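Reading the structure
Next come the chains, spelled out residue by residue.
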Amino acid sequence: MPLLPNSKGGLALVALALCSGCYHYQVNAVHQPTGIEADRRGESAVLWSWFWGTLQENFDTTKSCLGLPMKSVTTHSNLGYSLITVLSLGIAAPIKVTWVCAKEPGPVVDGDNPNDPI
Amino acid sequence: MAKKPLMTFQRHVTWTNVHGNIKITCERLYDVLNRWDDGTTPPDASRFKAGLAGLAQIVRDAEATGKRVRAQGGGWSLSQIATSEDFLVNTKLLNAINIGFKAANVAPEFTGDRQRVVFAQCGTSVMELNHALESRGLALPTSGASNGQTICGAIATGTHGSNRRLGAMHDTILGLHLIAAGGNGYWLESPTRPLASEAFAAVLGAKLLRDEQLFRAAVVGLGSFGLIHAVAFEAVPLYTLEARGKRYDHADALPVLSTLQVAPLKLARGEQVPDHFEVVFDPYADGKGAKGAYVRYMYQLNNAPALNQPGGGTFTSPGQDVLGLLGAITSAAPALIKPIAAESFGRLKEGGPTLKSLGDTFGPTGIIGYVMSSEIGVALADAQRAVEAILRVSRNFPWAGLVAVRYVRASQALMAFTHFAPITATIELPAAGSERTAEAYERIWDELERLQIPFTLHWGQMLRYDPARVRKAFGERATQWVVARQRFLDVQARHTFSNTLIQGAGLAI
């Protein structure tokens, strides 16, 4: 069988090179009760750093997470963002950030307390 | 004045499942919390009351607007079973757990240990249950192969493990708290395994129902008997799984599939059939000496293991686009499929034993990205023939995945895909997501139909159910499920608790 028998293979390689989120780095609470996502949505923003990092954009997740803790933060970069950074000589450096809110650990109630409902 | 539950919704939300193969837009996506709208929370022991009130209100909202409503579970399903284009409910924040029932809450006929009875709200994940139970010297009787599902999503879709002595997760459930028509609550259980007293039902504001047929229908209810607020089951003392892995040629592993006579495999305990027995095939490594079958087996020990304390830190893994990309590349260049399957298969480690708890054995999945999977249930006697057919189709039309066979005791639940007695062999087909993989599944299902091998498909994985195929897979059980649902829900409620998949399968009548 040919390695790349039709144009789909070429397209896949082009996609590999140009896809919108080519490079990802993640900080993730995987193995702990607070490491479970609160929903399936996740939110994202493109944040910019200006003038060699002397100005930076930040994002406060308090409202978007309804006050819940954070499960994971992922950064995404791609060739376009890299080009902007290089061509502007570092004056403008964008990056996409996605965050996922965590579940609040639920109460675990033991027992046989006659005053408890269960 | 009674407090109101805190719940919010967003309109016209695009929702994607964990594995990235299902995307829908729903009219409303509700978040419901165990909080009141004044920001307060009920005390820990009755924390569930706010969330319960929220679910009841959502049902009433749906009825008032003529919309269908469904809980999303953990987003773990690879089918559209847990989706709705109308109202979708994020129940993940309802995760209160009560361990141990007080004496007044159990029925006099209850024969178990009430101190080990667990009441878990619907959004509690398997991971949360493992943490809560194992730290108290208890354990789930069984779980799926990973821990991201919610307890109610897992049971409603028929999630199973690999313990051939036990059934699937739903087979361990003693009672269900359903929020049905009008937002009214019902505590449903089997008269053959009674658990709860009238006093307990009163705590929930529910009506106690003991109805065998209705319980068997609703426990794998496919989200169609109401919103499940909570379940109860009896935990077991913490145990250890002693696990090993070993590779064989296809020709050595295949004859074991329908007999479970493992003596020729020379496992650690000779001819003793392990409690957990799984065979994974690389479909393309079928030659003599290729060692293309990997056997993972476990014996269940009654002693408690040392619990894992994960260290965390930096680690490297395949990127999140990799599986989708592999799928695209292998669709275009099938010659790459075999080395990719071999690489995946090569990651399965030989050796052992490892001694771990259930929670540490079946932990978080490390797979991220665009994944597909389908899972086929067949009778034990048909397992070898079915796997041979699947391997044959795969060699003729390669796809980028593996074939994994596990065993589960037959379920009494009417729509359980593990209903084949006495043991159901489950054949899972995990793969990189692509059109080619989807086409391979179609060809595999076609071949099993051509060979007239009776089979079912896991409700939470990729499937092909229409009314005729549902009848073929479940026979009279499907009719009994529909009749039980009609007995429990009126016409309007049957619409409220239906969705596109259920309607397409002819079950929403």
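Residues numbered from 1 in each chain as written. Chains lettered and ligands numbered in written order. Predicted model: local features only at pLDDT ≥ 70, side-chain atom pairs only at ≥ 80, totals over all residues. Heavy atoms only, no water.

**Here we look at the overall build of chain A**
What counts, and what does not: Numbering goes from the N terminus for both helices and strands, where a helix is a DSSP run of H or I of at least four residues and a strand is a run of E of at least two. Partly exposed describes any residue whose relative accessible area lies between the buried limit of under 20% and the exposed limit of over 50%, with all areas from a 1.4 Å probe on protein chains only and scaled to the type maximum. Two residues qualify as a contact provided that any one of their heavy atoms is within 4.5 Å of a heavy atom in the partner residue. In these tables, accessible area is a Shrake-Rupley quantity obtained with a 1.4 Å probe, and a residue counts as shielded only by the protein chains included in the view.
Scanning chain A for helices and strands turns up two helices and six strands. Counting from the amino terminus, chain A carries its helices and strands in the arrangement α-β-β-β-β-α-β-β. Counting all 118 residues of chain A, 34% fall into the buried class. Within chain A, residue pairs in contact and separated by at least 24 positions form 78% of the contacts whose partners lie at least 6 positions apart. Accessible area of chain A: about 7000 Å², with a carbon and sulfur share of 64%.

**Remarks on the pattern of salt bridges**
Note on pairing: side chains with opposite charge can pair once their charged atoms come close. Filter applied, for reference: Should a side-chain nitrogen of Lys or Arg be within 4 Å of a carboxyl oxygen of Asp or Glu, the pair is scored as a salt bridge.
Evaluation of the coordinates by the stated rule reveals 30 salt bridges over all chains. Among the ionic contacts, a cluster of salt bridges with common partners joins Glu442, Asp446, Glu449, Arg464, Asp466 and Arg469 of chain B.

**Digging into the sheet that holds strand S2 (residues 23-36) of chain B**
Residue and element names in this part refer to chain B. Threshold: DSSP-based pairing: two strands are paired if at least 2 bridges between them are found. Only C-alpha atoms enter the line fits that serve as axes; for helices the fit covers just the stretch in contact. Angles between N-to-C directions range over 0 to 180 degrees.
If you walk across this open sheet you meet the four strands as S1-S2-S4-S3, and the pairing is mixed. In this open sheet, the two edge strands, each paired with only one partner strand, are strand S1 (5-16) and strand S3 (69-71). Across the sheet, the axes of successive neighbouring strands diverge by a mean angle of 30°, strand direction being ignored. In this fold helix H1 (residues 48-65) packs onto S1, S2, S3 and strand S4 (87-90), with an angle of close to 145° to the strand it touches most, S2.

**What about the state of the cysteines?**
Residues and elements named next belong to chain A. We apply this condition: For the purposes of this analysis, a disulfide is any pair of cysteine sulfur atoms at a distance within 2.5 Å.
Counting across every chain of the model gives one disulfide over all chains. Paired by a disulfide, Cys65 and Cys101 hold their sulfur atoms 2.0 Å apart. With the S-S bond torsion at -85°, the cross-link from Cys65 to Cys101 turns out left-handed. With Cys65 in the loop between strand S3 (55-56) and strand S4 (70-77) and Cys101 in strand S5 (residues 92-101), this pair connects stretches of sequence that are 36 residues apart. Like Cys101, Cys65 is buried.

**Overview of helix H2 (residues 79-87) of chain A**
As a reminder, the rule being used: We call two N or O atoms a polar contact when they sit within 3.5 Å, provided that within protein one can donate a hydrogen and the other can accept it, with sequence-adjacent residues counted only if both atoms are side-chain atoms.
Two or three places before Gly80 of chain A, at the start of H2 of chain A, stands the capping residue Asn78 of chain A, its side-chain oxygen 3.0 Å from that residue's backbone nitrogen. Count one or two residues on from H2 of chain A and you reach Leu89 of chain A, which has phi positive near 55°.

**Examining the side chain of Thr418 of chain B**
One can find Thr418 of chain B in the loop between strand S19 (403-409) and strand S20 (423-428). The contacts of Thr418 of chain B, once residues within four sequence positions are left out, are His160, Ala168, His170, Val408, Arg409, Ala410, Ser411, Thr424 and Thr426 of chain B.

**Here's the deal with the packing of aromatic side chains**
For any two aromatic rings, the description comes down to two numbers: the centre-to-centre distance and the angle of the planes. All names here are of chain B. We apply this condition: Stacked, tilted and edge-to-face are the three classes assigned to paired rings of Phe, Tyr and Trp, where Trp is represented by its six-membered ring and a pair needs centres within 6.5 Å; plane angles under 30 degrees give stacked, over 60 edge-to-face, the rest tilted. Charge over a ring is defined by NZ of Lys or CZ of Arg lying within 6 Å of the ring centre and within 35 degrees of the ring normal.
Overall, the coordinates contain 20 aromatic pairs over all chains when judged by the stated rule. Relative to Tyr465, the ring of Trp459 has its centre 4.6 Å away and its plane inclined at 40°; by these criteria the two rings are tilted. The rings of Phe48, Phe101, Phe119, Trp187 and Phe200 are connected pair by pair, giving a single aromatic cluster. Against the face of Phe9 rests Arg28, its NZ or CZ located 4.3 Å from the ring centre.

**Quick look at the nonpolar core**
What counts is decided by this rule: Here the nonpolar core consists of buried residues drawn from Ala, Val, Leu, Ile, Met, Phe, Trp, Tyr and Cys, with membership extended through side-chain atoms lying within 4.5 Å.
Judged by nonpolar contacts, the single largest core of 153 residues is most densely connected at Leu176, Phe277, Phe281 and Ile376 of chain B. When neighbours within four sequence positions are excluded, Leu176 of chain B is seen to be in contact with Ile155, Tyr186, Trp187, Leu188, Phe215, Ala218, Val219, Ile228, Ala230 and Val231 of chain B. Ranked by size, the runner-up nonpolar core spans 10 residues in total, among them Ala45, Leu47 and Trp99 of chain A together with Leu93 of chain B.

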